[in-house]
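# An overview of the molecular structure
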Amino acid sequence: MSARPTTNVLLTGVGGQGVVLASYVLSQVAMSEGYDVKQSEVHGMAQRGGSVTSHFRFGDKVWSPLVAPGTADLLMAFEALEGLRYVNWLKPGGVLVYNTQRINPSPVSAGLATYPADIDALIRAAWPNVKCVNANALAAQAGTAKAANVAMLGAISPTLPFALDTWEAVIRRAVPPKTVDVNLEAFRLGAASASAPATECKTR
Amino acid sequence: MNHMKQLTITSDAPGAPLLLLGNEAIARGAIEAGVTVLSSYPGTPSSEIGQAVIDAAKDLPHMYVEWSANEKLGFEVAFSASMTGVRTMTTMKHVGLNVAHDPVMTACNMGVKGGLVVVVADDPHMHSSQNEQDSRYVALQGYLPVFEPATGQEAKDMMADAFMFSEEWGQMVMFRPVTRLSHARSRVILGPIERPEREAVFDKDSTRWVCQPSNSRRHRVEMLTRHARIKEAADSFKYNRLDLRPGAKLGIIASGLGWAYLEDAVRWLGIADQVSILKLGMTVPIPDKLVLELLEATPEVLVVEDLEPIIENQVKVVAQNHKIAKTIHGKNVVPVNGELSTRRVMEALAQVLSVEMPVDFRSLDAVGDEAAPLLPLRPPALCSGCPHRASLYAEGQAARKYKREFKKEVAARCGDIGCYGLGFFAPLSSDDTQICMSASLGAAQGIAQATGGPTIAHIGDSTFFHSGLSSLANAVFNNANVTLLILDNAITAQTGFQEDPATGRTASGSPSPVIKPEDVARAMQVKFVEVVDPFEVDTTIDTIGRALRSEGPAVVVCRQACQVLKQRELKEEGKRFVPCEIDREACNDCRVCIKRLGCPAILIEAEGVVIDSGQCTGCMVCAAVCPKDAIKSVGSR
């Protein structure tokens, strides 16, 4: 087998959206498929409703745990603004998949700042290779909006070289036992959505 | 897959792979070494190490584990337990080492009996800390060997070996991960678990464990001798590795994560065959012979290390001692502040070797800078329904009323370390000072004594018991005009819900007495001591107001559970919070609730202000604030 180069994925979102669990699933999936894996996140202060990022790298040999700016093959944004914020981490040709969910940062809620009016147009203008998914709606369709993070994993699954069986086996172990079916359904709906092209994205 | 399914951090499954957080890998290393005592105070990024060992202890009956009241206690318990011959450890963050510094400096002199590893996690870039400091300075001061892991696997292996090393040399080891090691997951191959069969027997050698000067003069000489011998052994230390390439243009010395970034950087720059690398697993003391070999074999040298020039300065001493006049780069090209990254290491290499960067990072920065004004920041906020929000709001209101009544400001509102530190941000803007653990009360006293006061301090229960007890005694002793709010949720919430003296149970789950801050305050002769529920907003404002008007130090205990824990409790009982809702008829969209509280559950939507029933915990604090009485509990429909 030829050497598999390192793939860089940056996950961004808001504390409470399950970015860390999604990163954990990605790492377990890649490790199960025999890759070397490094995944890095920041705990503590950043969790409480703040901006959250997680770096995930896999390949035959991964040295450092951080994705460098301008090198992400995939930017997986669990919230639209947090996608736009990290667009410059993508490498040329890299893909941004974002969840068309708007979560107001606290300064916006307090009326001290404004959320960009047409975030979808801004994202399209900032990056040519964009797809979106309404992960919250898909998760709700599966049974609970809380599974939006797993719907996101489904949505990006076609862009990564992992087998469906591996995804399902890892998700089964990673989520609470009672929610396995809902999460697997959310994953399937995410994967089937095939991430809408950018022109159909409408964040709300 | 099935194999992995059953594996846990306590599985005795040598050779099996497990995906572990760096901190879990460190814990696993200690478990493999048969650690018998763990005592720790939590602090990001170190907390998961202690937590993982505490969780593991449920399966390992030979272990004693505790959350200690502070890092000094954590160290003292681990150090003195080592006097009984068993393997012991303590974990803390860098600023925790400041608290433990006093006993550490004497223990360095005394040496240890059972292996003792002090894990100190540094936090470059201050992801979750009040300052950036390099713990290795303390190691230099105390002649302590420092181990720095570069990967999760190494963290596990090196930690297990650190106990043996400590026993072999009779000296504690400082184990130094950084945030990006502690909080990075990777594949770790497990080793065998040692089941210690030692009996803990206190070695009653008073010439050894008593720091009378007559003993200590001898201890110091012994320590210096020990250190000199460790230094000689460093050249054959298995985690120090020299990879010399003939004709290399540059010699590079790297440690910890610096080495990991370096491995990426040299490949990306295409210069992997042009450099010789000395990877250091032990950074204090450095291996002189290996360093000398590199210095002699390469035209110049670059040192890559997170934070301060600890290795760099030691290398410069080696060069000076051997009259080697080559350039030694380090902090001249790698910033001393912030954390290392592949980019930073590439930029340093590009500068030293005059090579082209393959990526124009500056233009990427420019893209980010250009977009920034459009992108509102997303700072962390107190959770919806957090009782700290209620307490700090009431504190602010009481201060305003005081000003109206006495035509004089409350001189300062002093904050502390904990979730409530987020009160600093608007709209609560509750903190005029924040310094370090329990400094709120000290700062409030200083400002009160200088200005006449009054001042306010607020502090959580864990932080109060950490180092606030003597501060309160000082306030009483010197009759300071301060009001102390103790925000008592009976848990150390910020670092992940560790037990503390106010909780009523130990780390391993056995019951212990609840120490109530109000009882402590009364015992310390504080005259004004009252306990309130901060969700009773008017009562809380009134009580703080009376405390401000009282003579001398006053204590108001604001007692309410962390709502994250409350929610978990309700869930277990099959219940949920009863949220609030807005009465559309009554609401005039004045947004006072948002402007005063900034609760994440209150949102502005097209129809006006709404309450997100998924986030609302029904604390009713917004209802108390609303001038139109437009917020009601859903339960009152």
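Think of each chain on its own: its residues are numbered from 1, step by step along the sequence as written. For this description, chains carry letters from A and ligands carry numbers from 1, given in the order in which they are written. Residues qualify for local features only when their pLDDT is at least 70, as the model is predicted, and side-chain atom pairs are given and counted only at 80 or more; totals for whole chains, interfaces and linings, by contrast, use all residues. Hydrogen atoms and water are omitted, and side-chain values are computed over all heavy atoms in the structure.

### Section: the overall build of chain A
From N to C terminus, chain A includes 8 helices and 7 strands. We take the radius of gyration over the C-alpha atoms and set the globule estimate at 2.2 Å times the residue count to the 0.38 power. On C-alpha atoms alone, chain A measures out to a radius of gyration of 16 Å, which is about the 17 Å that the 2.2 N^0.38 rule sets for 204 residues. Pairs at least 24 apart in sequence give 67% of the contacts found in chain A among residues at least 6 apart. Accessible surface area values rest on a Shrake-Rupley calculation with a 1.4 Å probe, where residue burial reflects the displayed protein chains alone. With an accessible surface of roughly 7,400 Å², chain A has 55% of that area assigned to carbon and sulfur atoms. In this count, Lys and Arg are taken as positive residues and Asp and Glu as negative ones, while His and the chain termini are left out. The atoms used to mark charge sites are NZ of Lys, CZ of Arg, CG of Asp and CD of Glu. Seen as two clouds, the 17 positive and the 14 negative side-chain charges of chain A have centres 4 Å apart. Under the scheme used here, helices are H or I runs from DSSP no shorter than 4 residues and strands are E runs no shorter than 2 residues, and both carry numbers assigned from the N terminus. Note on contacts: a residue pair is in contact if any heavy atoms of the two residues lie within 4.5 Å.

### Things to note about the overall build of chain B
Across its full length, chain B holds 24 helices and 23 strands. Relative to its length of 637 residues, chain B is compact, with a C-alpha radius of gyration of 27 Å against a globular reference of 26 Å. For chain B, the spread of C-alpha atoms along the principal axes amounts to about 80 × 65 × 60 Å. Out of the 637 residues in chain B, the part that is buried amounts to 59%. Taking the contacts inside chain B whose residues are at least 6 apart along the sequence as the reference set, 78% of them involve residues at least 24 apart. For chain B, the exposed area adds up to about 25,300 Å²; of that, 52% sits on carbon and sulfur atoms. Taking the average place of the 65 positive charges on the side chains of chain B and the average place of its 76 negative ones, the gap between the two points comes to 2 Å. Buried, partly exposed and exposed residues are distinguished by accessible area as a fraction of the type maximum, computed with a 1.4 Å probe on protein chains only: under 20%, between the cut-offs, and over 50%, respectively.

### A word on the pairing of strand β2 (residues 36–41) of chain A
All names here are of chain A. Where burial is concerned, most of β2 is hidden: 6 out of the 6 residues are buried. Where burial is concerned, the two faces of β2 agree: the one with D36, K38 and S40 and the one with V37, Q39 and E41 are both buried. Note: two strands are recorded as paired if DSSP finds a minimum of 2 bridges between them. Two elements, β2 and strand β3 (residues 51–59), share 6 bridges in a ladder whose sense is antiparallel. Bridge pairing in β3 places E41 opposite S54.

### Considering the interface of chain A and chain B
Across the boundary between the two partners, chain A contributes 54 residues, which contact 52 residues of chain B. By definition, a salt bridge exists where a carboxyl oxygen of Asp or Glu is found within 4 Å of a side-chain nitrogen of Lys or Arg. Our count for the contact surface shared by chain A and chain B stands at 4 salt bridges. Between E82(A) and R378(B) there is a salt bridge, and its shortest N-O distance comes to 2.6 Å. The term polar contact refers here to a pair of N or O atoms within 3.5 Å; inside protein, the definition further demands a hydrogen-donor-capable atom paired with an acceptor-capable atom, and it admits residues adjacent in sequence only when both atoms are side-chain atoms. Taken together, chain A and chain B are joined by 13 residue pairs in polar contact (both at pLDDT 80 or more). Of all the elements in the fold, those that place two or more residues in the side of chain A that touches chain B are α1 (19–32), β2, β3, α2 (80–84), α3 (106–109) and α7 (164–174) of chain A. Looking at the side of chain A that touches chain B element by element, the count peaks at 6 residues for α1(A). Any residue that is not Ala, Val, Leu, Ile, Met, Phe, Trp, Tyr, Cys, Pro, Asp, Glu, Lys or Arg is counted as polar, Gly included; the first ten are nonpolar and the last four charged. Considered class by class, the residues forming the side of chain A that touches chain B number 27 nonpolar, 19 polar and 8 charged.

### With respect to helix α8 (residues 180–193) of chain A
Residues and elements named next belong to chain A. Between its first and last C-alpha atoms α8 spans 20 Å; for 14 residues at 1.5 Å apiece the expected length is 20 Å, and the two agree. Residues of α8 that are buried sit in contact with α5 (135–142), α6 (148–156) and α7. The first or second residue beyond α8 is A194, which carries a positive phi of 50 degrees. What a helix should span is 1.5 Å times the count of its residues minus one.

### A short note on the confidence of the model for chain A
pLDDT runs from 0 to 100 and stands for how confident the predictor is about each residue. Per-chain confidence: chain A averages 92 in pLDDT, with 94% of residues scoring 70 or above. Between the elements of chain A, mean pLDDT differs from a low of 68, seen in strand β7 (residues 196–197) of chain A, to a high of 98, seen in strand β4 (residues 72–77) of chain A.

### Concerning the pattern of salt bridges
All names here are of chain B. If you walk through the whole model with that rule in mind, you get 44 salt bridges over all chains. Between R87 and E167 there is a salt bridge, with its nearest N and O atoms 2.9 Å apart. Residue R87 is found in the loop between α4 (71–82) and β4 (88–93), and its partner E167 is found in helix α7 (residues 152–169); the two are separated by 80 residues along the sequence. Here E167 falls in the partly exposed class, since its relative accessible area comes to 24%. Ionic pairing is found between R546 and E530, a salt bridge with its closest N-O pair at 2.8 Å. With R546 in helix α21 (residues 537–549) and E530 in strand β18 (residues 528–532), this pair connects stretches of sequence that are 16 residues apart. Relative accessible area serves as the criterion here: at 30%, R546 is assigned to the partly exposed category. Here the salt bridges do not stand alone but share partners, grouping D122, D134, R136, E148, R176 and E305 into one network.

### Here we look at a positive patch on the surface
Only residues above 30% relative accessible area that lack a salt bridge enter a patch, with like-charged residues linked at up to 9 Å and the nonpolar side chains Val, Leu, Ile, Met, Phe, Trp and Tyr linked at up to 5 Å. A surface patch of positive charge is lined by K146(A), K178(A), K571(B) and R576(B). Mapped onto the elements of the fold, K146(A) is located in the loop between α5 and α6.

### Focus: the sheet that holds β4(B)
All names here are of chain B. Reading across from one edge, β3-β2-β4-β5-β7-β6-β12 is the order of the 7 strands in this open sheet, with mixed pairing throughout. Strand pairing shows two members of the sheet lacking a second neighbour, β3 (64–67) and β12 (282–284), which therefore form its edges. Of the pairings in the sheet, the one linking strand β2 (residues 37–40) to β3 comprises 4 bridges and is parallel in character. Each residue of the ladder has a partner; that of L38, found in β3, is V65. Of the strands in this sheet, β2, β3, β4 and β5 (116–121) are in contact with helix α3 (residues 47–57), which crosses β3 at around 140 degrees. The strands touched by helix α5 (residues 94–110) within the sheet are β4, β5 and β7 (173–175), with β4 carrying the most contacts at an inclination of about 120 degrees. Here the axes come from fitting lines to C-alpha atoms, over the contacting stretch only for helices, and the angles between their N-to-C directions go from 0 to 180 degrees.

### Details of the sheet that holds β18(B)
Residues and elements named next belong to chain B. Spatially, β15-β16-β17-β19-β18 is the arrangement adopted by the 5 strands of the open sheet, whose pairing is parallel. Both outer strands of the open sheet, β15 (412–414) and β18, are each paired with one neighbouring strand and no more. In this sheet, adjacent strand axes meet at a mean angle of 15 degrees when their direction is disregarded. This element, α21, spans β16 (455–460), β17 (482–488), β18 and β19 (554–559) of the sheet and lies at about 170 degrees to β18.

### Quick notes on the state of the cysteines
Defined by distance alone, a disulfide is two cysteine sulfur atoms within 2.5 Å. This model, assessed by the stated rule, comprises 1 disulfide over all chains. Two residues share a disulfide in this structure: C132(A) and C201(A), whose sulfurs sit 2.1 Å from each other. Disulfide C132(A) to C201(A): torsion about the S-S bond roughly -105 degrees, handedness left-handed. Pair noted here: C132(A) is in strand β6 (residues 130–133) and C201(A) is in the segment after β7, with a separation of 69 residues, a long-range link. The burial state of C132(A) is the same as that of C201(A); both residues are buried. In this model C580(B) remains outside any disulfide bridge; the closest cysteine sulfur is found in C616(B), 4.2 Å from its own.

### A closer look at the nonpolar core
All names here are of chain B. The term nonpolar core refers to a set of buried residues drawn from Ala, Val, Leu, Ile, Met, Phe, Trp, Tyr and Cys, joined through side-chain atoms within 4.5 Å. M89, F147, M159, I252 and L349 are the most contacted members of the largest nonpolar core, which has 81 residues in total. When residues of this core are sorted by domain, at least three fall in each of domain 1 (2–235) and domain 2 (240–368). When residues no more than four places from it in sequence are discounted, the contact partners of F147 are M158, A162, F165, V173, M174, F175, R176, F237, G281 and M282. Grouped together as the second largest cluster of nonpolar side chains are 76 residues, A448, A475, V592 and V625 included. Domain extents, as shown, originate in an automatic or database domain assignment.

### Brief notes about the domain arrangement of chain B
Residue and element names in this part refer to chain B. The domains assigned to chain B are domain 1 (2–235), domain 2 (240–368), domain 3 (387–569) and domain 4 (577–633). Spacing between the C-alpha centres of domain 3 and domain 4 amounts to 27 Å. If you look at the interface, domain 3 gives 10 residues, while domain 4 gives 13 residues. Looking at the side of domain 3 facing domain 4, the largest losses of area belong to R389, Y393 and P427, adding up to 50% of the total buried there. There are 0 salt bridges connecting domain 3 and domain 4. The tally of links between domain 3 and domain 4 comes to 2 residue pairs in polar contact (both at pLDDT 80 or more). Mapped by element, the contributors of at least two residues to the side of domain 3 that touches domain 4 are α16 (387–406) and α22 (563–572). Each residue belonging to the side of domain 3 that touches domain 4 can be placed in one class, and the counts come to 6 nonpolar, 2 polar and 2 charged. Two parts lose some accessible area (1.4 Å probe) when they are put together, and adding that loss for both gives the buried area.

### Focus on the environment of H329(B)
Residue and element names in this part refer to chain B. Relative to the helices and strands, H329 is located in strand β14 (residues 328–329). Residue H329 is classed as buried on the basis of its relative accessible area, which comes to 12%. Taking the C-alpha atoms as reference points, H329 and K316, separated by 13 residues in sequence, lie 9.8 Å from one another. Separated by 2.9 Å, the side chains of H329 and E300 make a polar contact.

### Examining the environment of T90(B)
Residue and element names in this part refer to chain B. Within the secondary structure, T90 sits in strand β4. Along the backbone, T90 and R596 are 506 residues apart, and their C-alpha atoms lie at a distance of 42 Å. T90 has contacts with S39, S40, G74, F75, A78, V117, V118 and V119, leaving out every residue within four places of it along the chain.

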